[in-house]
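# What the coordinates show
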Amino acid sequence: MRELVPIYSTAAGVFQADICRPLVEAVERSEVELRALVHGHYPGRKLPPRALPGVKTVGHWNASGAQSWGLPWHRNEGIEITFLENGRVAFAVDGRETMLSPGTLAITRPWQTHRVGNPRIGPGKLHWLILDVGVRRPNQDWKWPSWCMLSQADRDELETALRQTEQPVWTASSDLRRCFQKISNAVQADAGHSPISELSVHINELLLLLLTLFRKHRPALNKALTSTERTIELFLADLRDHPEHLSLEWTVEEMAQSCGLGVTRFIHLVKQITNLTPLQYLNDCRLTHAAKLLSSPSAPSITSVAQDCGFSSSQYFATVFRRRFGCAPTDFRAGSRSAYSA
C-alpha cells in the first residue's frame, strides 16, 4: 500500500519517514552535539529491540553557534513533542510560521508537515520525543504502548486533546522543563548503564504533565480533525501539493486503502468533497501540474512532462490536455514562452 504520510519517497514510490539527514551531516561535521536513543532509522544510539516499544527517538541536540543546516518540511512516524530549553528556533507547522523561544513546547502529529529552521537553525538546545501510537491518519484509533502507566481515563483524555487541538505551540511549565532535563540525563547515561526504567518513568511523567497542561488551559476541541473526511482531505491535498506523488500509477483501490476505507465509501466521500471521482481529481492535479511545467521558461519536452505527471503516453496526455485547456500542450508551451519573451 502506498501511504502519503511521509514526505520522502524512493524511485519505486515506496514512501519513507524523515531520517533527519541534515542533522546527521551536521553531527558528522561536529557542528552540533546530538544525544538520542532510537528505534529504526533515526540518528542516535539504538535502543534494545524490545525496550520501550513505540519510542522512535528521544533525545536532544545542542548547537553552540549559528548553524549551516535546518530540517526542511517533513513528517514523523509518531506524535512528536519538542521542547526548546535555550536559544531561539524558527518553527513552522502546516505552513504556519512561528519562533520557538526558551521554554516553549511544540506538538505535531504524524500527518502534519513541519519545519525546524528558516532555513537554518540558530544556537540552542532542543529536546524531543517521537512516540509511535500506531496511527498515520487522523481517523485511526491510537494504540498506546504497554509501558504507558496512565489510567485508561487519563489516556483517553490526553488522546482526545492531542487529536482534536489545533494549537501546536505551548508555553511549558517548570515541571515540564525539569522532566525533559531528566529525560536528557537518562539518555546521556546510556553509555554507563541501562536507562530503560528511568526513561519509562520520566516519559510517563511527561505524558501526565502534558495532560495537566491541557487541563489547565482547556483548549478548544474540534472533532472534525479526527474525521474520515479530514483524512481524505489530507490525502487529496498531498496529491495536489506534492508533484512526486502524481507520477505514481495510482488505482482507486490503492487510494482508498491509503485512507483506510473501502472503495465505495472512498469514492462517495471524494465526490462529496470535490464533486469529482478520485481518478478525475487525480487527472485534474496532473493536468494542473503539467500546465505549470509547460509555463516554465525552460519547459521540458512534452514527453517528459507527460511522464513526470503520470500519464501513460504523450498522445493520451495531449488529448486530455486539449480537452482541459482548449489547446495542445505544444501550443500552450509556445504561448507561455512568448509571454516570457514579450
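Figured I'd write up the structure that's included with this text. Every chain is numbered independently, its residues counted from 1 as its sequence is written. For this predicted model, a pLDDT threshold of at least 70 governs which residues receive local features, and a threshold of 80 or more governs which side-chain atom pairs are given and counted, while totals over whole chains, interfaces and linings are taken from all residues. Only hydrogens and water are set aside; all other atoms, that is, all heavy atoms of the structure, feed into the side-chain values.

Cavity means a closed set of points on a 1 Å grid over the protein atoms alone, one where a 1.4 Å probe fits but cannot get out, pocket means an open set with protein on both sides within 12 Å along at least 5 of 7 lines, and lining means a residue has an atom within 4 Å of a point. Grid points are joined across faces, edges and corners, and a volume is the space filled by probe spheres set on the points. Within this structure, the stated rule accounts for five cavities of 30 Å³ or more. There is about 190 Å³ of room inside the largest cavity. At the level of elements, strand 5 (55–63), strand 6 (71–74), strand 7 (79–87), strand 11 (114–116) and strand 12 (124–131) are the ones that each hand at least two residues to the lining of the largest cavity. Polar here means any residue other than Ala, Val, Leu, Ile, Met, Phe, Trp, Tyr, Cys and Pro, which are nonpolar, and Asp, Glu, Lys and Arg, which are charged; Gly is therefore polar. Residues belonging to the lining of the largest cavity are distributed by class as follows: 12 nonpolar, five polar and two charged. The secondary structure listing takes helices from DSSP runs of H or I that are at least 4 residues long and strands from runs of E that are at least 2 residues long, numbered from the N terminus.

The next point concerns the packing of helix 8 (residues 278–294) against helix 10 (residues 314–325). A fitted line through C-alpha atoms represents every axis, and for helices the fit uses only the stretch in contact; the resulting angles, taken between N-to-C directions, go from 0 to 180 degrees. Where helix 8 meets helix 10, the axes come as close as 11 Å, and the angle between the chain directions of the two elements is 90°. Classified by the interaxial angle, the pair formed by helix 8 and helix 10 is roughly perpendicular. In this structure, helix 8 contributes Asn283, Asp284, Leu287, Thr288, Ala290, Ala291 and Leu294 to the contact, and helix 10 contributes Tyr316, Phe317, Val320, Phe321, Arg324 and Phe325. Partitioned by chemical class, the residues of the contact of helix 8 with helix 10 number nine nonpolar, two polar and two charged. Angle categories are assigned with fixed cut-offs, so that under 35 degrees is roughly parallel, over 145 is roughly antiparallel, 65 to 115 is roughly perpendicular, and the rest are oblique. Only heavy atoms enter the contact rule, under which two residues are in contact if any of them lie within 4.5 Å.

This part covers the packing of aromatic side chains. Here the aromatic set is Phe, Tyr and Trp, taking the six-membered ring for Trp, and pairing holds for ring centres within 6.5 Å; pairs whose planes are under 30 degrees apart are stacked, those over 60 apart are edge-to-face, and all others are tilted. Here the structure, examined in full by the defined rule, presents 13 aromatic pairs. With centroids separated by 5.1 Å and ring planes inclined at 75°, the aromatic side chains of Trp61 and Trp69 adopt a geometry described as edge-to-face. Accessibility assignment for this pair places Trp61 and Trp69 in one class, buried. Residues Trp142 and Trp144 carry aromatic rings whose centres are separated by 5.7 Å and whose planes lie at 50° to one another, so their mutual orientation is tilted. Partly exposed describes any residue whose relative accessible area lies between the buried limit of under 20% and the exposed limit of over 50%, with all areas from a 1.4 Å probe on protein chains only and scaled to the type maximum.

This part covers the pattern of salt bridges. Definition used for salt bridges: Asp or Glu carboxyl oxygen within 4 Å of a side-chain nitrogen of Lys or Arg. Inspection of the entire model under this criterion finds 15 salt bridges. With a closest N to O distance of 2.8 Å, Glu157 and Arg215 form a salt bridge. With Glu157 in helix 2 (residues 152–164) and Arg215 in helix 4 (residues 196–217), this pair connects stretches of sequence that are 58 residues apart. The exposure class assigned to Arg215 is partly exposed, which follows from its relative accessible area of 39%.

Another point: the sheet that holds strand 6. Strand order in the open sheet made by the four strands is 6-11-8-9, with antiparallel pairing throughout. Of all the strands in the sheet, the pair left with one neighbour each is strand 6 and strand 9 (96–100). For this sheet, the mean angle separating the axes of adjacent strands, direction not counted, is 15°. At least two bridges found by DSSP between two strands is the condition for calling them paired. Here strand 6 pairs with strand 11 via two bridges, running antiparallel.

Its boundaries defined by the atoms lining it, the largest pocket holds a volume of some 220 Å³. Along its surface, the largest pocket is lined by 13 residues, and Arg75, Thr113, Leu234, Ala237 and Asp241 are the ones closest to its centre. Broken down by element, the lining of the largest pocket gets its largest block of residues, seven residues, from helix 5 (residues 228–241). Residue composition of the lining of the largest pocket, by class: four nonpolar, two polar and seven charged. Put simply, the second largest pocket is a space of about 150 Å³. Those elements giving two or more residues to the lining of the second largest pocket turn out to be helix 8 and helix 10.

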